[in-house]
Amino acid sequence: MAVRARRAVPLQLMSERMGISLPSSSSDDTRAATIELRRVSLAFEDNQVLDDVSFQVGEGETLVLLGVTGSGKSVLLKLILGLIKPDGGEVRVDGRDLVPLPETELFAFRRRMGIVFQEGALFDSLSVLENVAYRLREDGETNEERIERRVREVLSFVEMEHAITKMPAELSGGMRRRVSIARAIASEPSIMLYDSPTGGLDPVTAHTINTLIAKLRDVQGVTSLVVTHRLADAYALARFVYSSDKQDLVPASENGGAERQAATRFLVLRHGQVHFLGTTAEIVASTDPYVRKFLE
Ligand SMILES: Nc1ncnc2c1ncn2[C@@H]1O[C@H](COP(=O)(O)OP(=O)(O)OP(=O)(O)O)[C@@H](O)[C@H]1O
Ligand SMILES: [Mg+2]
């Protein structure tokens, strides 16, 4: 299937380097995205990874997912992508339960989602160009000129256009992560799932990645689910917004961002359950000893 023409609008925005404000006048229906888990449970043999998990992420909202290693964060993202099925419960994307859908129908949903896997997961034998093009080819795009144009656009969004002919082995960890983001956004997802996007990165590169995440959220209205171990990242996303003028993060309060702040929520997974779910203000004020551990 050819890449649809209506996708051209946001891509144009990208190529304009985010020099303009939110495209509120757009009639692009891909923007209305929500995720909802209803009473989801999943065990691998006797390992009960998720046990009656419910939460919602509204359109344009950011959910920061916290939890110790092995608590089921990556599994949860894979459930939302429909890569694995739960033992019970519903995984709803835009109001539709993905659990009973066959693979053929899941494909259409997956096209609306971009994922940045924990490991970066680039194809080592493919160039940066082909890694990013992969997603477009998967979508059925066959016009080489259009593919290259699109690849250059998304690479310039993450400031990696100069590396288009490089192989993944020639890139640093932060560069690979940025290429992964470019690949994830190539087909204009309305939902972005980030699995520990700043893991193993220095604070400066982590800031670049957080800025990218905020840029997609604030300029394109992308619904985001961000897994992180670094509370500093979570706060950066909760308290800062992307400024097109400065091409950087600025405090939300300076940018009329009270709304944006409210649109970030935190979820702490523990023993397979939702231990905490609340706003930035609520997590900061929480007296729960387990939640406090994430704030230290
Ligand atoms: N395909 C699988 N088969 C069996 N067990 C699995 C599988 N995938 C995940 N698990 C188990 O599910 C649990 C949760 O794994 P998951 O990868 O979601 O953890 P995580 O919260 O992402 O941890 P980390 O912070 O280290 O990335 C772990 O106990 C893991 O061993
Ligand atoms: Mg993980």
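Residues numbered from 1 in each chain as written. Chains lettered and ligands numbered in written order. Predicted model: local features only at pLDDT ≥ 70, side-chain atom pairs only at ≥ 80, totals over all residues.

Caption draft 1: Region of interest: the confidence of the model for the protein chain. Residues at a pLDDT of 70 or more form 85% of the protein chain, whose mean pLDDT is 84. At the low end of the mean pLDDT range in the protein chain sits helix α1 (residues 8-15), at 35; at the high end sits strand β1 (residues 35-44), at 97. In the predicted structure, residues 1-32 sits below a pLDDT of 50 and forms 42 contacts with residues beyond four places in sequence or in another chain. (pLDDT = per-residue confidence, 0-100. Helix = DSSP H or I, 4+ residues; strand = E, 2+ residues; numbered from the N terminus. Contact = placed C-beta atoms within 7 Å.)

Caption draft 2: Representation of the nonpolar core. L65, V132, A182 and L193 are the most contacted members of the largest nonpolar core, which totals 71 residues. Per element, the largest residue contribution to this core is seven residues, and it comes from helix α7 (residues 203-220). Summarising the domain contributions, this core has at least three residues from each of domain 1 (32-112 + 190-296) and domain 2 (121-188). (Core = buried A, V, L, I, M, F, W, Y, C linked by C-beta atoms within 7 Å. Buried ≥ 20, exposed ≤ 12 C-beta atoms within 10 Å, placed from the backbone. Domains from an automatic or database assignment.)

Caption draft 3: View of the sheet that holds strand β12 (residues 273-279). On the basis of which strands lie adjacent, the open sheet formed by six strands has the order β6-β7-β8-β3-β11-β12 and mixed pairing. Of all the strands in the sheet, just β6 (113-116) and β12 have a single pairing partner and so form its edges. Each adjacent strand pair in this sheet contributes to an overall mean axis angle of 15°, direction not counted. As paired elements, strand β3 (residues 62-66) and strand β8 (residues 223-227) share four bridges and run parallel to each other. Its bridge partner lying in β8, T62 is registered against S224. Each of β3, β6, β7 (191-195), β8 and β11 (264-270) is contacted by helix α2 (residues 73-80), which is oriented at about 155° to β7, the strand it contacts most. (Pairing = 2+ DSSP bridges. Axes fitted to C-alpha atoms, helices over the stretch in contact; angles between N-to-C directions.)

Caption draft 4: The arrangement of the packing of helix α6 (residues 173-185) against α7 in detail. Look at α6 against α7: their axes get within 10 Å of each other, and the N-to-C directions meet at 10°. The angle between α6 and α7 falls in the class roughly parallel. Two secondary-structure elements touch here, α6 through G174, R177, I181 and I185 and α7 through T205, T208, I209, L212 and L216. Its residues assigned to classes, the contact of α6 with α7 shows five nonpolar, three polar and one charged. (Parallel < 35°, antiparallel > 145°, perpendicular 65-115°, else oblique. Nonpolar A, V, L, I, M, F, W, Y, C, P; charged D, E, K, R; others polar.)

Caption draft 5: Molecular detail of the sheet that holds strand β2 (residues 47-57). The strand order across the open sheet formed by four strands is β2-β1-β4-β5, and the pairing between neighbours is antiparallel. Strands with a single pairing partner mark the edges of an open sheet, and in this sheet they are β2 and β5 (96-97). Against the sheet, α2 touches β1, β2 and β4 (88-93), its axis set at about 120° to β1.

Caption draft 6: Main features of the pairing of strand β10 (residues 248-251). Bridge count between strand β9 (residues 240-243) and β10: four bridges; the pairing is antiparallel. Following the sheet pairing, S243 is matched in β10 by D248. The antiparallel pairing of β9 with β10 creates a hairpin that spans four residues between the two strands, and Q247 there sits at a positive phi of about 50°.

Caption draft 7: A look at the environment of Q56. With respect to the helices, strands and loops of the structure, Q56 is situated in strand β2. Sequence separation between Q56 and R38 is 18 residues, and the spatial gap between their C-alpha atoms is 8.5 Å. The residues touching Q56, leaving out its near neighbours within four places in the chain, are T34, I35 and E36.

Caption draft 8: Expanded view of the site of ligand 1. Ligand 1 sits among F44, N47, V49, G67, T69, G70, S71, G72, K73, S74, V75 and Q118. Only β2 and α2 provide two or more residues apiece to the shell around ligand 1. With three residues, the top contributor of residues to the shell around ligand 1 is α2. (Near = placed C-beta within 6 Å.)

Caption draft 9: Broad picture of the pairing of β1. Here β1 pairs with β2 via seven bridges, running antiparallel. Opposite L42, over in β2, you have L50 as the bridge partner. Counted along the chain from β1 to the antiparallel partner β2, the turn is two residues long, and its residue E45 has a positive phi close to 55°. Bridge analysis of β1 against β4 gives five bridges, and the strand direction is antiparallel. When the sheet's bridge partners are listed, S41 is paired in β4 with G88.

Caption draft 10: How the structure looks around the environment of L66. Structurally, L66 is set in strand β3. With 25 C-beta atoms packed within 10 Å, L66 lands in the buried category. As a C-alpha pair, L66 and L269 span 203 residues in sequence and 6.3 Å in three-dimensional space. Look past the residues within four positions of L66 in its chain and what remains in contact with it is T228, F266, L267, V268 and F294.

Caption draft 11: Representation of α6 in the model. End to end, α6 covers 19 Å across 13 residues, agreeing with the expected 18 Å (1.5 Å per residue, within 8%). Judged by how many residues are buried, α6 sits mostly within the fold: 10 of 13 residues are covered. Taken together, the buried positions of α6 are R176, R177, R178, V179, S180, I181, A182, R183, A184 and I185. Packing partners of the buried residues in α6 comprise β6, α4 (128-138), α5 (144-157), β7 and α7. (Expected span 1.5 Å × (residues − 1).)

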